[in-house]
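For reference, the chains in residue letters:
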Amino acid sequence: MREINGPGEQFFETKEDGIREIHEIPVAAYLVTVKLTKHVPQNHTVDIRPNQATDLNVDLKAGAQISGMVVDEGGRPLPGTFVNLLNPESKLFVNSELNTRTDAGGNYLMDGVPVEELSIHFRHPQFKPLEKTGIRPREAGDFLEIHAILHAGARLSGRVLNGEGRPIAGARVLGITGYSTSAQTDDAGAFTLHGLEEQNAMIKVYARGFGTRTLWSVRPDSPPLEIRVGTAGSIRVRLVSDPPLEACRLVVRRYETDLGREIESQPEVTEKDDGSHLLADLEPGTYRVVVDAPGYETSDQVSVTVVAGHEVDAGTLLLKKQVK
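The rules behind these values
Residues numbered from 1 in each chain as written. Predicted model: local features only at pLDDT ≥ 70, side-chain atom pairs only at ≥ 80, totals over all residues. Heavy atoms only, no water. Pairing = 2+ DSSP bridges. Helix = DSSP H or I, 4+ residues; strand = E, 2+ residues; numbered from the N terminus. Axes fitted to C-alpha atoms, helices over the stretch in contact; angles between N-to-C directions. Salt bridge = Lys/Arg side-chain N within 4 Å of Asp/Glu carboxyl O. Buried < 20%, exposed > 50% of the residue type's maximum accessible area, 1.4 Å probe, protein only. Core = buried A, V, L, I, M, F, W, Y, C linked by side-chain atoms within 4.5 Å. Contact = heavy atoms within 4.5 Å. Lys, Arg positive; Asp, Glu negative; His and termini not counted. Phe/Tyr/Trp six-rings, centres within 6.5 Å; stacked < 30°, edge-to-face > 60°.

Chemist: I would appreciate a short explanation of the sheet that holds strand 17 (residues 211–218) in the present structure.
Modeler: In a beta sheet, neighbouring strands are held together by backbone hydrogen bonds and run either parallel or antiparallel to one another. The strand order across the open sheet formed by 4 strands is 14-13-16-17, and the pairing between neighbours is antiparallel. The outermost strands of the open sheet, each flanked by one partner alone, are strand 14 (180–184) and strand 17. Between one strand and the next, the sheet's axes are offset by a mean angle of 15 degrees, whatever the strand orientation. In this structure, strand 13 (residues 172–176) lies alongside strand 16 (residues 201–207), joined through 5 bridges in antiparallel fashion. Directly across from Val 173, in strand 16, lies its bridge partner Val 205.

Chemist: What is the right way to read the pattern of salt bridges from this model?
Modeler: Pairs can form between side chains of opposite charge whenever their charged atoms are close. For the structure shown, the criterion picks out 17 salt bridges. The salt bridge involving Arg 253 is made with Glu 264; its shortest N-O contact spans 2.9 Å. One end of the pair, Arg 253, is in strand 20 (residues 249–256); the other, Glu 264, is in strand 21 (residues 261–265), with 11 residues separating them in the sequence. With a relative accessible area of 27%, Arg 253 lands in the partly exposed category. By relative accessible area, which is 37% here, Glu 264 ends up partly exposed. Among the charged side chains, a network of salt bridges with common partners joins Arg 249, Arg 253, Glu 264 and Asp 292.

Chemist: Teacher, can you tell me more about the nonpolar core here?
Modeler: Soluble, globular proteins show a tendency: their nonpolar side chains are buried together. Counting 20 residues, the largest nonpolar core has Val 160, Leu 193, Ile 203, Val 205 and Ile 227 as its most contacted members. Elements that contribute at least two residues to this core include exactly strand 12 (154–162), strand 15 (190–196), strand 16, strand 17 and strand 18 (225–229). Among the elements that line this core, the one with the most residues is strand 16, at 4 residues. Residues in contact with Leu 193, not counting those within four places in the same chain, are Ala 154, Arg 155, Leu 156, Val 173, Leu 174, Gly 175, Thr 181, Ser 182, Ala 183 and Ile 203.

Chemist: Help me understand unusual backbone geometry, please; the structure alone is not making it clear to me.
Modeler: Backbone phi values are negative for most residues with the exception of glycine, while trans is the configuration of most peptide bonds. Across the junction of Asp 242 and Pro 243, the peptide omega takes the value 0 degrees, indicating a cis bond. With respect to the secondary-structure elements, Pro 243 resides in the loop between strand 19 (233–242) and strand 20. Of note in the backbone geometry, Asn 5 takes a positive phi value of approximately 65 degrees without being a glycine. Tracing the chain through its elements places Asn 5 in the loop between strand 1 (2–3) and strand 2 (28–34). Given a relative accessible area of 79%, Asn 5 falls into the exposed group. Even without a glycine there, the phi angle at Glu 24 is positive, about 55 degrees. On the secondary structure map, Glu 24 appears in the loop between strand 1 and strand 2.

Chemist: Can you walk me through the side chain of Glu 256 in this structure?
Modeler: Relative to the helices and strands, Glu 256 resides in strand 20. Arg 254 provides the closest opposite charge to the buried, salt-bridge-free Glu 256, at an N-O distance of 4.4 Å. Discounting chain neighbours no more than four positions away, the residues touching Glu 256 are Trp 216, Arg 261 and Ile 263.

Chemist: Mind showing me how you'd approach the packing of aromatic side chains here?
Modeler: A ring pair, where both rings are aromatic, is described by two values, the distance of the centres and the angle of the planes. According to the stated counting rule, one finds 1 aromatic pair in the structure shown. On the numbers, 5.9 Å between centres and 70 degrees between planes, the contact of Tyr 108 with Phe 122 is edge-to-face. Linking Tyr 108 in strand 7 (residues 107–113) with Phe 122 in strand 8 (residues 118–123), this pair joins segments that are 14 residues apart in sequence.

Chemist: What should I look at first to understand the sheet that holds strand 2 in this one?
Modeler: Taken in spatial order, the 3 strands make up an open sheet running 1-2-3, and their pairing is antiparallel. Taken across any chain shown, the strands that pair with only one partner, and hence form the sheet edges, are strand 1 and strand 3 (42–48). By the bridge criterion, 2 bridges tie strand 1 to strand 2 in an arrangement that is antiparallel. Its bridge partner being in strand 2, Glu 3 is matched across the sheet by Tyr 30.

Listed below in structure tokens is the structure:
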């Protein structure tokens, strides 16, 4: 068990009768994970209140086991491959406790797999991901062997530099084709993206203090890129609403000439002591500031030009409750 948003985990074992009492628990909300070999693991949220005993009764269901080996095209084991169990329709994790990684020999084991239709997703940082569908244990206690061969795919390398041509270390570079892969620049600003599909990719580069730079229709296996990013700017905006807002989302929209349309993004937003909102780490350019607040509307269209290294005041946005 661990406190939600808190530090560390504590581990306990039940007695032979399946019972375990835990005393002197600090008052908080906890995530309790219950696991037993060959049974489907369960997660439960428990609120511990002062001077009150809390009962948690868990009915564990027997599950199956899935194991296998992940190798490359030459038959070499791929340690560190992420292996995730997915719902084939929603593509969401079936149970996060079943997600695992291959060991030094490229082997993995999932214990306590539910008896239902499943998919398995294999992902290694340097190879194209693979999803195997149509997997279904026949019954509890069933043992399946699902092996995988991952293909290298295309690569794309380059360097990320600032406006003066100096390398930016620690920038995050994301490559998106049919799926996404990412890398981080080294001290020389260099990066390599692996496992891309052989089609044009969208490249997004983010570095704190420089904002996000997007490149459209980049061909993998092209010569090394040199991506220059300028110093970021920020926008300050004030919101006035009637009645007061309970929650909202601030986004910016920027016209991309290469696409011929606006692209929406959500910047890092900080609420300041004076009640204003600071939208930080924006690449220089012209943006529209939009408030996403369900049930409210605004007729204001604020267009702001962000200047490198400067904070631009976008003024005040007025929001009113929508009339049904």
